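Analysis of the macromolecular model
The residues making up each chain are set out below.
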Amino acid sequence: MSDLGLLSYKYQTMAELARRLRRNILLIKRHYYGLPLPKEDEDIEIGKVIVEFQEISKFLRDVISLSGEDAWPTNWLDEPPLPNALVEQLRKIHKLDRPQYIKALARLEQRLQDIVGLTEKDISLLEEIAYTASVDANSVFRKLMRWE
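1. Observations regarding the packing of aromatic side chains
Under the defined criterion, the tally for this structure stands at four aromatic pairs. Summarising the aromatic geometry, the rings of Phe59 and Trp72 are spaced 5.1 Å apart at their centres and angled 85° between planes, so their arrangement reads as edge-to-face. Residue Phe59 is found in helix α2 (residues 46-63), and its partner Trp72 is found in the loop between α2 and α3 (74-77); the two are separated by 13 residues along the sequence. Here Phe59 matches Trp72 in class, with each residue buried. Summarising the aromatic geometry, the rings of Phe59 and Trp76 are spaced 5.1 Å apart at their centres and angled 70° between planes, so their arrangement reads as edge-to-face. Remark: Trp76 occurs in helix α3 and Phe59 occurs in helix α2; sequence separation between them is 17 residues. Here Phe59 and Trp76 have matching classes, each one buried. Three or more aromatic residues joined by ring pairs form one cluster here, namely Phe59, Trp72 and Trp76.

Here it is, written out as structure tokens:
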């Protein structure tokens with residue numbers, strides 16, 4: 001596969017991750033605020049969405065303070081829920097408030113067990129993860145467009 005093909009594949013996977021995260025956060029917000037789900041999303045089980053975000057928050061809590069992927073716990077090396085580039089972006093964003101961010105992720109993981117217990121800050125944490133995924137996808141897209 002050529003470099004252009006690899007870059008295109010990376011963009012597709014990053015864009016799909018960003019879309020999935022945004023859609024799932026929207027579903028959580030609709031459930032949290034008691035709003036009806038769109039017809040196309042009615043068959044999605046909210047429990048699976050919540051479990052995915054619990055795993056993401058646990059993953060980030062475990063790896064955000066580590067220096068790189070080499071230091072990650074072995075259970076996250078095979079199939080991490082988020083790519084390393086996204087973790088690096090979040091690490092940069094929370095460079096100065098990392099201990100508080102890790103505590104907030106732990107609280108988020110706990111509160112996701114009962115969606116009614118979520119707070120606006122928890123919703124903001126989820127949105128930040130999705131926004132960062134979108135930024136990563138956009139940066140890959142810009143590289144792809146410069147290539148051609």
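2. Structural notes on the environment of Asp136
Counting through the fold element by element, Asp136 comes out in helix α6 (residues 120-147). Spatially, the C-alpha atom of Asp136 lies 7.1 Å from that of Met14, the residues being 122 residues apart in sequence. Once residues lying within four places of it in the same chain are set aside, the contact partners of Asp136 are Met14, Ala85, Leu86 and Gln89.

3. Things to note about the side chain of Ser134
Residue position: Ser134 is located in helix α6. What Ser134 contacts, discounting residues up to four positions off in sequence, is Ala18 and Arg22.

4. Considering the environment of Arg20
Positionally, Arg20 belongs in helix α1 (residues 3-33). For Arg20, a relative accessible area of 27% corresponds to the partly exposed category. Between the alpha carbons of Arg20 and Glu69 there is a distance of 23 Å; along the sequence they are 49 residues apart. Side chain to side chain, Arg20 and Glu52 meet in a polar contact 2.7 Å long.

5. Brief notes about the pattern of salt bridges
Should the charged atoms of two oppositely charged side chains come close, the side chains can pair. Per the counting criterion, the structure on display carries seven salt bridges. Taking the shortest distance from any N to any O, the salt bridge between Glu88 and Arg91 comes out at 2.3 Å. Remark: Arg91 and Glu88 occur in helix α4 (residues 84-93); sequence separation between them is three residues, near one turn of the helix. In this structure Glu88 comes out as partly exposed when scored by relative accessible area, which is 25%. Judged by relative accessible area, Arg91 falls into the buried class, the value being 8%.

6. Some remarks on helix α5 (residues 98-111)
The end-to-end C-alpha distance of α5 is 20 Å, a good match for the 20 Å that 14 residues give at a rise of 1.5 Å each. Within α5, burial applies to Arg98, Tyr101, Ala104, Leu105, Leu108 and Glu109. When α5 is viewed along its axis, its buried side chains cluster within an angular range of 140° and face the same direction. In α5, the exposed residues that point more than 90 degrees away from the buried face are Pro99, Lys103 and Gln110.

7. A word on a positive patch on the surface
On the surface, a cluster of positive charge is made up of Lys10, Arg142, Lys143 and Arg146. Element by element, the count of residues in the positive patch is highest for α6, at three residues. Within the secondary structure, Lys10 is located in helix α1. Residue classification places Lys10 among the partly exposed positions, given a relative accessible area of 37%.

Cut-offs and rules
- Residues numbered from 1 in each chain as written.
- Predicted model: local features only at pLDDT ≥ 70, side-chain atom pairs only at ≥ 80, totals over all residues.
- Heavy atoms only, no water.
- Phe/Tyr/Trp six-rings, centres within 6.5 Å; stacked < 30°, edge-to-face > 60°.
- Helix = DSSP H or I, 4+ residues; strand = E, 2+ residues; numbered from the N terminus.
- Buried < 20%, exposed > 50% of the residue type's maximum accessible area, 1.4 Å probe, protein only.
- Contact = heavy atoms within 4.5 Å.
- Polar contact = N/O pair within 3.5 Å; in protein donor to acceptor, adjacent residues only side chain to side chain.
- Salt bridge = Lys/Arg side-chain N within 4 Å of Asp/Glu carboxyl O.
- Expected span 1.5 Å × (residues − 1).
- Arc of directions from axis to C-beta.
- Patch = residues over 30% accessible without salt bridge, like charges linked within 9 Å, V, L, I, M, F, W, Y side chains within 5 Å.
- Areas by Shrake-Rupley, 256 points an atom, 1.4 Å probe, with all protein chains shown as cover.
- Lys, Arg positive; Asp, Glu negative; His and termini not counted.
- Charge placed at Lys NZ, Arg CZ, Asp CG, Glu CD.

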